[in-house]
Amino acid sequence: QLDPENTGFIGVETFASLVHSHELPLDPAKLDMLVALAQGNDEGQVCYQELVDLISSKRSSSFKRAIANGQRALPRDVLLDETGLGFYKRFVRYVAYEILPCEMDRRWYFYQHRMCPPPVFMAAVTLTQIIVFLCYGARLNKWVLQTYHPEYMKSPLVYHPGHRARAWRFLTYMFMHVGLEQLGFNALLQLMIGVPLEMVHGILRISFLYLAGVLAGSLTVSITDMRAPLVGGSGGVYALCSAHLANVVMNWAGMRCPYKLLRMVLALVGMSSEVGRAVWLRFSPPLPASGPQPSFMAHLAGAIVGISMGLTILRSYEESLQDQCGWWVLLLSYGTFLLFAVFWN
């Protein structure tokens with residue numbers, strides 16, 4: 001009725017009066033974005049398709065472009081001023097300030113977040129790793145540094161250079177861990193960093209990043225440390241952590257997470273200590289007769305994947321990766337590395 005000529009546009013004032021008179025239940029953040037987009041076009045009109053995209057929470061770079069061009073007039077309210085929130089909504093707000101550097105992005109995520117689908121990927125991976133560890137621990141009756149047990153390295157899940165023709169081992173090694181300390185470190189980071197990242201960026205992006213780090217880790221070991229086996233999910237964990245830390249550094253001024261400098265130092269110290277421990281076990285094993293110990297190269301490969309591909313993913317919140325030239329360059333580089341490693345093996 002308000003667009004008799006079927007142009008797909010109506011004036012901002014008309015739309016505002018429509019919202020006011022009918023009390024439409026639109027999220028405040030989405031309403032702000034729609035007004036910002038309207039101010040970005042030449043005639044200052046509301047586009048019907050943009051309204052549909054916002055209501056359906058469809059990823060689009062149009063609002064990002066409007067923000068970049070300064071074509072917006074948004075309220076200066078911050079989420080920290082919200083009162084009367086329940087426990088879950090306070091947790092969602094906490095996640096928004098942990099992961100996102102822009103207040104508008106934080107508000108958008110806070111208002112459009114839904115519990116479905118839940119962040120099941122990182123939780124499922126962590127639970128599976130714990131179950132596998134408990135099963136082998138009970139079977140071998142050896143809970144610390146299990147890799148020294150000959151039967152442990154015969155598992156069909158472990159990546160071993162002598163069995164690299166069994167391609168599933170390049171991924172399934174992430175479910176095995178050399179001891180309680182490695183499992184605890186990886187599980188802690190997966191839950192503290194991986195779950196919030198999955199809540200914000202979605203299961204597809206975070207699972208792709210995690211598995212890309214895992215696969216890059218095993219293939220790198222198969223090229224650079226050809227005699228060593230490999231266990232643990234450190235490739236995927238370091239991909240997530242390095243991407244998140246790099247994103248925090250790149251957006252240092254906008255990040256509002258408390259004690260960010262102290263927490264970053266602790267994270268770097270913990271990750272460096274884990275790498276140092278892996279290097280020590282590789283070259284100075286307590287039981288040399290047991291054969292080569294697991295390689296540490298997966299940690300470094302995962303960190304490289306996170307800083308390159310992962311940083312691009314995390315900086316593209318609510319933007320389509322397919323529209324970015326840099327994303328395709330990184331994807332092509334990763335694919336080239338995979339082909340090279342496959343032919344090398």
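Residues numbered from 1 in each chain as written. Predicted model: local features only at pLDDT ≥ 70, side-chain atom pairs only at ≥ 80, totals over all residues. Heavy atoms only, no water.

**Student:** Mind showing me how you'd approach the pattern of salt bridges here?
**Tutor:** Side chains that carry opposite charge are capable of pairing whenever their charged atoms lie near each other. Here the structure, examined in full by the defined rule, presents 4 salt bridges. Its salt-bridge partner being Arg-282, residue Asp-225 comes within 2.9 Å of it at the nearest N-O pair. Highlighted residues: Asp-225 in the loop between helix H10 (203–224) and helix H11 (234–250) and Arg-282 in helix H12 (residues 260–283), separated in sequence by 57 residues. Take Arg-282: its relative accessible area is 11%, and that puts it in the buried class. (Salt bridge = Lys/Arg side-chain N within 4 Å of Asp/Glu carboxyl O. Helix = DSSP H or I, 4+ residues; strand = E, 2+ residues; numbered from the N terminus. Buried < 20%, exposed > 50% of the residue type's maximum accessible area, 1.4 Å probe, protein only.)

**Student:** Before we go on, may I ask you to explain the nonpolar core in this structure?
**Tutor:** Most often, soluble globular proteins have nonpolar side chains that are buried together. In terms of nonpolar packing, the biggest core is built from 83 residues, with Tyr-109 and Tyr-210 touching the most fellow members. The leading source of residues in this core is H10, at 9 residues. Domain assignment of the residues forming this core places at least three in each of domain 1 (9–70) and domain 2 (120–344). Those residues in contact with Tyr-109, other than ones at most four positions away along the chain, are Val-92, Val-95, Ala-96, Leu-100, Met-199, Val-200 and Tyr-317. (Core = buried A, V, L, I, M, F, W, Y, C linked by side-chain atoms within 4.5 Å. Domains from an automatic or database assignment. Contact = heavy atoms within 4.5 Å.)

**Student:** What exactly am I supposed to notice about the environment of Leu-197 here?
**Tutor:** If you trace the backbone, Leu-197 turns up in helix H9 (residues 180–201). Under the relative-accessibility criterion, Leu-197 is labelled buried at 0%. Once the C-alpha coordinates of Leu-197 and Pro-119 are considered, the two residues, 78 residues apart in sequence, prove to be 8.9 Å apart. Not counting residues within four places of it along the chain, the set of residues in contact with Leu-197 comprises Ile-99, Gly-202, Ile-206, Leu-240, His-244 and Leu-314.

**Student:** Please explain the packing of helix H5 (residues 87–99) against H9 as it appears in this structure.
**Tutor:** The packing of two helices is summarised by the inter-axis angle and the distance between the axes. In contact at an axis separation of 10 Å, H5 and H9 are set at 95 degrees when each is read in the N-to-C sense. As the angle between them shows, H5 and H9 are arranged roughly perpendicular. Together, Tyr-88, Phe-91, Val-95 and Ile-99 of H5 and Pro-196, Leu-197, Met-199, Val-200 and His-201 of H9 make up the contact between the two elements. For the contact of H5 with H9, the per-class residue count stands at 8 nonpolar, 1 polar and no charged. (Axes fitted to C-alpha atoms, helices over the stretch in contact; angles between N-to-C directions. Parallel < 35°, antiparallel > 145°, perpendicular 65-115°, else oblique. Nonpolar A, V, L, I, M, F, W, Y, C, P; charged D, E, K, R; others polar.)

**Student:** Would you mind showing me how to read a nonpolar patch on the surface here?
**Tutor:** Among the surface-exposed residues, Phe-87, Tyr-88, Phe-91, Tyr-94 and Met-115 lie close enough to one another that they form a single nonpolar patch of about 560 Å² accessible area. Note on placement: Phe-91 falls in helix H5. The class for Phe-91 is partly exposed, based on a relative accessible area of 32%. (Patch = residues over 30% accessible without salt bridge, like charges linked within 9 Å, V, L, I, M, F, W, Y side chains within 5 Å. Areas by Shrake-Rupley, 256 points an atom, 1.4 Å probe, with all protein chains shown as cover.)

**Student:** How should I be thinking about the confidence of the model for the protein chain in this particular structure?
**Tutor:** Fine structural detail should not be taken from predicted coordinates in areas where pLDDT scores are low. Across the protein chain, the average pLDDT comes to 83, with 86% of residues at 70 or higher. Segment residues 67–75 is flagged for pLDDT under 50; beyond a separation of four residues in sequence, or across chains, it makes 15 contacts in the model. (pLDDT = per-residue confidence, 0-100.)

**Student:** Sorry if this is basic, but what is going on with the packing of aromatic side chains here?
**Tutor:** Working definition: an aromatic ring pair is given by the centre-to-centre distance plus the angle between the planes. Counting across every chain of the model gives 8 aromatic pairs. Where Phe-121 meets Tyr-210, the ring centres are 5.9 Å apart and the plane angle is 75 degrees; that geometry is what we call edge-to-face. Pair noted here: Phe-121 is in helix H7 (residues 120–140) and Tyr-210 is in helix H10, with a separation of 89 residues, a long-range link. (Phe/Tyr/Trp six-rings, centres within 6.5 Å; stacked < 30°, edge-to-face > 60°.)

**Student:** Which parts of the structure should I look at to understand the packing of H9 against H12?
**Tutor:** It is at 12 Å that the axes of H9 and H12 come closest, and there the two elements cross at 150 degrees. In terms of axis orientation, H9 runs roughly antiparallel to H12. Handedness of the crossing formed by H9 with H12: left-handed. Along its contact with H9, which presents Glu-181, Gln-182 and Phe-185, the element H12 presents Gly-270, Met-271, Glu-274 and Arg-277. For the contact of H9 with H12, the class distribution of residues is 2 nonpolar, 2 polar and 3 charged. (Left-handed = near helix turned anticlockwise from the far one by under 90°.)

**Student:** Sorry if this is basic, but what is going on with unusual backbone geometry here?
**Tutor:** Leaving glycine aside, a negative phi is the common case for residues, and trans is the common case for peptide bonds. Although it is not a glycine, Asn-6 adopts a positive phi angle of roughly 55 degrees. Within the fold, Asn-6 resides in the segment before strand E1 (9–11). According to the relative accessible area criterion, Asn-6 is exposed, its value standing at 67%. Phi is positive for Tyr-259, which is not a glycine, with a value near 55 degrees.

**Student:** What is the right way to look at the side chain of Asn-186 in this model?
**Tutor:** In this fold, Asn-186 is placed in helix H9. Take Asn-186: its relative accessible area is 0%, and that puts it in the buried class. Ignoring anything within four residues of it in the chain, the contact list for Asn-186 reads His-177, Gly-233, Ser-234 and Val-237.

**Student:** Help me understand the UniProt feature "active site" (unreviewed entry) in the protein chain in this model?
**Tutor:** Per the UniProt record, "active site" (unreviewed entry) is found at Ser-234 and His-299. A stretch of 66 residues holds the annotated residues, and the largest C-alpha distance among them is 5.6 Å, short enough that they meet in one place. In this structure Ser-234 comes out as buried when scored by relative accessible area, which is 2%. With residues near it in sequence (within four places) discarded, Ser-234 still touches Gln-182, Asn-186, Glu-274 and His-299. Once residues within four sequence positions are removed from consideration, His-299 is found in contact with Ser-234, Tyr-238, Glu-274, Val-275 and Ala-278. In this structure the side chain of His-299 is engaged in a polar contact, spanning 3.1 Å, whose partner is the backbone oxygen of Phe-296. (UniProt positions renumbered as here; feature names shortened; annotations may be inferred. Polar contact = N/O pair within 3.5 Å; in protein donor to acceptor, adjacent residues only side chain to side chain.)

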